[in-house]
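# Descriptive analysis of the structure
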Amino acid sequence: SSAKSPLALQEVGLDAMGQQSSLPAAVQALVDAEKMEVDCLKIHSTEIFDFATMEKFVPADVFARFKECLVTGAPTPEADMKPIADGMFKWARTRGATDFAHWFFPVRGGGGATGGSCGSHKIDAFIDLDWSSKTPNKPFVATFPADRLFQGESDGSSFPNGGLRVTHQAAAFTTWDRSSPPFIVDKVLRIPCSFITHYGKCIDDKTPLLRSSDAVHREGLRLLKAMKLATDAKALYSYLGWEQEFFVVPAAGYKARPDLVNTGRTLIGKLPTRNQQADLNYFGPIPVTVEKLLKTVHNEMMKVGCPMAVRHNEVAPGQHEMSPIFCVSNASADSNVLFMEICNREASKFGLQVLFHEKPFKGINGSGKHANWSVGTDTGINFFYPGKTDEARTIYVAAIACLAYGLCQHNELVRCTVATSGNDHRLGAQEAPPAIISLYPGTGFEAHVDSIISGGDLLAYKSEKKLQTTGCTNAMPVEAPMEDRNRTAPFPFCGNRFEFRAVGSSQNCSFPIMVCNTIMAAGMSKLSDLLEGGTGLRDAVAQIYKENRKVIFTGNGYSAEWPVEAAKRGLPNLRT
């Protein structure tokens with residue numbers, strides 16, 4: 001017979017002599033990945049109990065009330081809890097799930113942890129005693145009691161809690177975040193949850209984020225009413241789209257470095273000869289083994305309903321990025337924590353290690369988690385999109401005034417959300433924003449702000465896209481937005497959102513986005529106070545811009561002149 005290729009021999013488990021052989025685990029993982037490669041567009045959302053799935057497994061009236069409760073904030077009626085749990089159980093069993101777990105997020109922080117942030121869960125079987133049985137030793141049955149879906153209990157004293165829980169006062173409870181759909185991983189139905197103490201104090205990352213989302217909803221509707229605009233809106237939401245950067249290295253090399261293992265970063269060694277000066281890596285071909293890993297992670301995330309849209313090489317050697325399409329901020333933050341977990345789980349199968357530390361290697365780029373954040377109504381109005389109507393443009397100008405207020409008045413708080421032992425190695429270094437928190441709305445809009453302060457019209461700003469010629473005929477002109485991108489800014493405008501670029505790669509997004517929501521709500525409250533007190537809209541917006549003008553900066557954040565200028569303006573520069 002003709003000679004078999006090495007790949008063909010690997011596929012059938014034979015050595016070069018045609019004898020049965022055992023493959024190294026990493027090689028076997030590659031072979032298995034090729035064999036099991038699936039069309040992710042055909043399997044997406046098969047493992048998530050989202051609205052589309054819920055509608056099929058829950059009575060129509062129960063489903064309608066469930067959705068309405070999410071808009072109004074009302075508790076789910078007790079009579080609806082059992083049919084929801086029954087429908088979820090029936091669906092989970094069709095997907096092969098045998099267990100469930102309340103999945104919650106204690107305040108463990110990121111801080112450069114090798115594995116990034118992680119959630120917590122206790123796995124419970126889908127069983128309970130048959131309480132209808134008359135026998136003393138009651139049999140058990142496969143079931144999912146409704147009370148176990150909506151609430152659970154844990155030992156709060158064994159998690160970081162700031163003294164809110166101690167061993168003799170340890171009760172803490174999990175409760176389903178109904179706006180973040182349950183999903184199945186490894187045959188376990190995970191239920192995203194808040195985590196609070198016996199007295200209702202939150203000791204997790206999720207609950208403050210949900211509270212801040214309520215604040216955005218409340219103050220956003222109040223502001224729209226005060227401005228007499230978009231008054232048909234019933235809800236406001238905050239949205240998040242994360243861009244996760246990370247390094248992938250051989251597991252053997254990682255394990256040979258005690259500094260990497262114990263701190264997440266290298267503490268000794270020699271810099272590469274040219275560091276990353278050759279600029280060869282960015283958007284280059286992804287190494288074969290790493291691409292297998294990234295595709296595997298991509299598929300796993302798609303199955304649980306996370307719309308992973310992008311993967312590519314980042315700037316530094318061995319650095320990569322993956323990101324999904326945005327969704328409501330709490331569900332998006334949940335998916336990011338799951339992403340980090342799946343990355344580490346799958347990497348070990350390929351003989352690789354994923355590093356989420358913000359600065360694992362000196363002399364090359366660190367890793368961030370750019371948080372693309374926006375606020376919008378249930379009717380489709382994006383507060384951070386200029387729009388084409390006078391109503392949309394007015395809301396846009398007012399919304400940025402509210403954001404400027406929040407960033408200026410609570411500047412140090414925003415900085416503290418990204419101050420971790422890992423991230424402070426990165427801020428101000430290779431392509432990371434400086435430790436000075438400023439707002440970049442674009443140079444054109446900055447001029448518009450000055451015009452408003454001087455008495456100009458709110459609607460004088462025209463965000464019109466322009467065609468830029470390529471200088472050749474085969475490549476058509478490109479549509480360029482009104483404002484350029486500023487990658488040196490910690491909070492730049494990106495066309496229809498603001499990008500909080502200072503978030504660290506190992507962090508849970510919940511805390512930084514919670515503060516973004518809260519400062520935005522504070523700004524909307526301030527503007528509403530002025531309007532409700534009788535100040536006209538133009539003058540109220542102008543007043544807010546004038547009082548908070550110093551936080552707006554559209555120059556080069558990497559320049560030596562900016563820290564000097566920021567000090568003159570009175571902006572904090574919290575370096576560590």
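What counts as what
Residues numbered from 1 in each chain as written. Predicted model: local features only at pLDDT ≥ 70, side-chain atom pairs only at ≥ 80, totals over all residues. Heavy atoms only, no water. Helix = DSSP H or I, 4+ residues; strand = E, 2+ residues; numbered from the N terminus. Rg over C-alpha atoms; globule rule 2.2 N^0.38 Å. Buried < 20%, exposed > 50% of the residue type's maximum accessible area, 1.4 Å probe, protein only. Axes fitted to C-alpha atoms, helices over the stretch in contact; angles between N-to-C directions. Parallel < 35°, antiparallel > 145°, perpendicular 65-115°, else oblique. Left-handed = near helix turned anticlockwise from the far one by under 90°. Contact = heavy atoms within 4.5 Å. Core = buried A, V, L, I, M, F, W, Y, C linked by side-chain atoms within 4.5 Å. Phe/Tyr/Trp six-rings, centres within 6.5 Å; stacked < 30°, edge-to-face > 60°. Salt bridge = Lys/Arg side-chain N within 4 Å of Asp/Glu carboxyl O. Disulfide = S-S within 2.5 Å. Polar contact = N/O pair within 3.5 Å; in protein donor to acceptor, adjacent residues only side chain to side chain. pLDDT = per-residue confidence, 0-100. Expected span 1.5 Å × (residues − 1). Nonpolar A, V, L, I, M, F, W, Y, C, P; charged D, E, K, R; others polar.

## Brief notes about the overall build of the chain
Along the backbone of the chain there are 18 helices and 17 strands. Since a compact globule built from 576 residues should have a radius of gyration of about 25 Å, the 26 Å found for the chain is in line with a globular shape. For the chain, the spread of C-alpha atoms along the principal axes amounts to about 80 × 70 × 55 Å. Looking at the 576 residues of the chain, the share that counts as buried comes to 51%.

## Notes on the packing of helix α5 (residues 60-72) against helix α6 (residues 78-94)
Angle between the axes and distance between the axes are the two parameters that describe a pair of packed helices. The N-to-C vectors of α5 and α6 enclose an angle of 110 degrees; their axes lie 10 Å apart at closest approach. Of the possible angle classes, the one that applies to α5 and α6 is roughly perpendicular. Regarding α5 and α6, the two cross each other, and that crossing is left-handed. Mapping the contact onto sequence places V62, R65 and F66 in α5 and D80, P83 and I84 in α6.

## Section: the environment of D205
If you trace the backbone, D205 turns up in the loop between β8 (188-197) and α8 (206-227). Between the C-alpha atoms of D205 and S179, which are 26 residues apart in sequence, the distance is 16 Å.

## Some words on the nonpolar core
Ranked by size, the top nonpolar core spans 98 residues in total, and within it F339, W373, F383, L403, L439, M520 and Y545 carry the most contacts. Ranked by residue count, the leading element in this core is helix α13 (residues 390-409), at 13 residues. Those residues in contact with M520 that lie beyond four places of it in its chain are W373, V375, F383, F384, A399, C402 and L403. In this structure, A85, A97, F104 and L189 belong to the second largest nonpolar core, which totals 29 residues.

## Notes on the packing of aromatic side chains
Each aromatic ring pair is summarised here by two numbers: the centre-to-centre distance and the angle between the ring planes. Scanning the model with the defined rule gives 33 aromatic pairs in all. Grouped by ring-pair contacts, the aromatic residues W373, F384, Y396, F445, Y461, F491, F493, F498, F500 and Y545 constitute a single cluster.

## Remarks on the pattern of salt bridges
Tallied over the full model, the rule gives 28 salt bridges. The partner of R95 in a salt bridge is E47, with the nearest N and O atoms 2.6 Å apart. Residue R95 is found in the loop between α6 and β1 (99-104), and its partner E47 is found in the loop between α3 (40-43) and α4 (51-57); the two are separated by 48 residues along the sequence. Measuring nitrogen to oxygen at the nearest pair gives 2.9 Å for the salt bridge that ties E346 to R345. One salt-bridge network, in which partners are shared between bridges, spans D186, E300, K303, R345, E346 and K349.

## A few points about the state of the cysteines
Evaluation of the coordinates by the stated rule reveals 0 disulfides. In this model C306 remains outside any disulfide bridge; the closest cysteine sulfur is found in C327, 6.9 Å from its own. Here C516 is not disulfide-linked; the sulfur of C509 is the nearest cysteine sulfur, at 10 Å. Overall, the relative accessible area of 2% leaves C516 in the buried class.

## A look at the side chain of T488
With respect to the helices, strands and loops of the structure, T488 is situated in the loop between β16 (478-480) and β17 (498-500). Here N486 takes part through its side chain, which lies 2.6 Å from a polar atom of the side chain of T488. At 2.8 Å, the side chain of T488 forms a polar contact with the backbone nitrogen of G557. Leave out the neighbours within four places in its chain, and T488 touches P433, P434, G555, N556, G557 and Y558.

## Section: the confidence of the model for the chain
In the predicted model, the chain carries a mean pLDDT of 91, and 92% of its residues have values of at least 70. Contacts from residues 1-21, a stretch scored under 50 in pLDDT, to residues over four places away or in other chains number 18 contacts.

## Here's the deal with unusual backbone geometry
Of note in the backbone geometry, K228 takes a positive phi value of approximately 60 degrees without being a glycine. The residue K228 is located in the loop between α8 and β9 (236-250) in this model. Residue class for K228 comes out exposed when judged on its relative accessible area of 69%. Here F283, not a glycine, exhibits a phi torsion of approximately 60 degrees, which is positive. Structurally, F283 can be placed in the loop between α10 (258-263) and α11 (288-303). Of the residues examined, F283 reaches a relative accessible area of 55% and is grouped as exposed.

## Here's the deal with α13
Spanning 20 residues, α13 covers 29 Å between terminal C-alpha atoms, matching the ideal 28 Å at 1.5 Å per step. In terms of burial, α13 is a largely internal element, 17 of the 20 residues being buried.

## Brief notes about the environment of W131
Of note, W131 is situated in the loop between β3 (127-129) and β4 (140-142). Note: C-alpha distance between W131 and V141 (10 residues apart in sequence) is 9.6 Å. At 3.3 Å, the side chain of W131 and the side chain of D128 are in polar contact.

## Re helix α16 (residues 510-532)
A rise of 1.5 Å per residue sets the reference length of α16, with its 23 residues, at 33 Å; its end C-alpha atoms lie 32 Å apart and thus fit the reference within 8%. Of all 23 residues in α16, 17 are buried, a share of seventy percent or more.

## Describing the packing of α13 against α16
Packing of α13 against α16 brings their axes to within 7 Å, and their N-to-C directions diverge by 115 degrees. Considering how the two elements wind past one another, α13 and α16 form a crossing that is right-handed. For the pair formed by α13 and α16, the contact residues are A398, A399, C402, L403, Y405, G406 and L407 on the first element and I519, M520, A522, G523, M524, K526 and L527 on the second. Of the residues belonging to the contact of α13 with α16, the class tally is 11 nonpolar, 2 polar and 1 charged.

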